[in-house]
Amino acid sequence: MSHTTAFIGLGAMGWHMASHLPKLGHEVWVWNRTPSKADHHSVTFQTQSVGIEKAVQADFIFSCLPTSADIEQLIAMHPPKPGSIWIDCTSGVPQSAQILSQGLKKIGVEYLDAPVSGQTIGAEKGTLTVMIGGDVDAFEKAKPIIAAFSGLIEYVGDSGSGFAVKAINNTLMATHLWALAEGLTVLKSKGVDLSAALNCINHSSGKSSISENIMAQRVLNRSFDKTFALDLLQKDIGIAVDLIQEQSLNLPGMHLIQQQFAFFEKESARQLDFSAAVQGLEKINQIELR
Ligand code: NDP
């Protein structure tokens, strides 16, 4: 049966994610706060640039904005139509997902928290990992559409569970980055060649996707190419730490990581790639990882 799909938020991730939807053969509407981006998207990918009033009339509405607060504000101003399913790919706050899900249910709308992982390259290739919380029937209905931009779709539990998994995943990523940067700082101080050291680590038990990709591609070559803003990673670590506090758990490592990643204030962090977090460590130790 034919249906309409809308995508709200054509940023670093949303731009690519929305580009895969037309291949399913249904009408795809796109909306962006800066309208010229949506116009450009429609010319490039055979989507239709629409106003927000029309976007929220779609049967399936995807969103990918920076924070849950942005989504809450948007939905409050532009409620979706009854019978629709809202699939929120923002890396958001679990409690916000629960509140939105309950509120939207009252007007006949299902809300799924469906954050993604795989960076902009995964969005471009359509191989993202999508972790989903919310109503199971709504999940089953949305799954074939989500498949357009994903390599793995995993239902992880009730409303908010997807956001929780995402926050923990990104805090682990931050931990890998920080631990590797500390390790390489020791090695540099001992005069070891960092590229050679990284090659050894990548063929040993200490490797991670950060050691295999980000460290050589962005840090050692000093490019710090921006695809994922540092302030967004700070937000994700904050969500994970809030979860720890909500659950009254004693998990000091994540608090420590949050402190390390707070070296750059939010405003400057917004301009930086997340990999630039290691520059805090470099400044303190007066050792550059290159
Ligand atoms: P960007 O900053 O590149 O894009 C943000 C998008 O949201 C833009 O389209 C922007 O519009 C829009 N926007 C911002 N604020 C508002 C608002 N108040 N109302 C309406 N629209 C708004 O972010 P990303 O695409 O990098 O990230 C989006 C989400 O995906 C975040 O939650 C992030 O944590 C997550 N994520 C990011 C990854 C990455 O590698 N970049 C990987 C996985 C998840 P405008 O064009 O007008 O500025």
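All values reported here derive from a predicted model rather than from experimental measurement.

Novice: How should I be thinking about the packing of helix 8 (residues 161–189) against helix 9 (residues 194–201) in this particular structure?
Specialist: Between two packed helices, the angle of one axis relative to the other and the distance separating the axes together describe the packing. At their nearest, the axes of helix 8 and helix 9 sit 10 Å apart, and the two run at 130 degrees to each other. Put simply, helix 8 runs oblique to helix 9. Note on packing geometry: the crossing formed by helix 8 with helix 9 is right-handed. Contacts from Leu180, Leu184, Leu187 and Lys188 of helix 8 reach helix 9 at Leu194, Ala197, Leu198 and Ile201. Residues belonging to the contact of helix 8 with helix 9 are distributed by class as follows: 7 nonpolar, no polar and 1 charged.

Novice: In this structure, what is going on with the UniProt feature "domain: 3-hydroxyisobutyrate dehydrogenase-like NAD-binding" (unreviewed entry) in the protein? I would like to understand it.
Specialist: With numbering matched to this structure, UniProt assigns "domain: 3-hydroxyisobutyrate dehydrogenase-like NAD-binding" (unreviewed entry) to residues 160–279. Structurally, residues 160–279 comprises 69% helix and 0% strand, and the distance from its first C-alpha atom to its last is 33 Å.

Novice: What should I look at first to understand the domain arrangement of the protein in this one?
Specialist: How big an interface is tends to be stated in terms of accessible area lost as the parts join. Split into domains, the protein comes out as domain 1 (4–158) and domain 2 (164–285). Distance from the C-alpha centre of domain 1 to the C-alpha centre of domain 2: 28 Å. Taken together, the contact between domain 1 and domain 2 spans 14 residues of the former and 12 residues of the latter. Buried surface at the junction of domain 1 and domain 2, summed over both partners, amounts to about 1,000 Å²; 63% is from carbon and sulfur atoms. Where domain 1 packs against domain 2, one counts 0 salt bridges. Where domain 1 touches domain 2, the interface holds 4 residue pairs in polar contact (both at pLDDT 80 or more). Of all the elements in the fold, those that place two or more residues in the side of domain 1 that touches domain 2 are strand 7 (116–117) and helix 6 (119–125). Among the residues making up the side of domain 1 that touches domain 2, the classes are represented as 8 nonpolar, 6 polar and no charged.

Calculation notes
- Residues numbered from 1 in each chain as written.
- Predicted model: local features only at pLDDT ≥ 70, side-chain atom pairs only at ≥ 80, totals over all residues.
- Heavy atoms only, no water.
- Axes fitted to C-alpha atoms, helices over the stretch in contact; angles between N-to-C directions.
- Helix = DSSP H or I, 4+ residues; strand = E, 2+ residues; numbered from the N terminus.
- Parallel < 35°, antiparallel > 145°, perpendicular 65-115°, else oblique.
- Left-handed = near helix turned anticlockwise from the far one by under 90°.
- Contact = heavy atoms within 4.5 Å.
- Nonpolar A, V, L, I, M, F, W, Y, C, P; charged D, E, K, R; others polar.
- UniProt positions renumbered as here; feature names shortened; annotations may be inferred.
- Domains from an automatic or database assignment.
- Buried area = accessible area lost by both parts, 1.4 Å probe.
- Salt bridge = Lys/Arg side-chain N within 4 Å of Asp/Glu carboxyl O.
- Polar contact = N/O pair within 3.5 Å; in protein donor to acceptor, adjacent residues only side chain to side chain.

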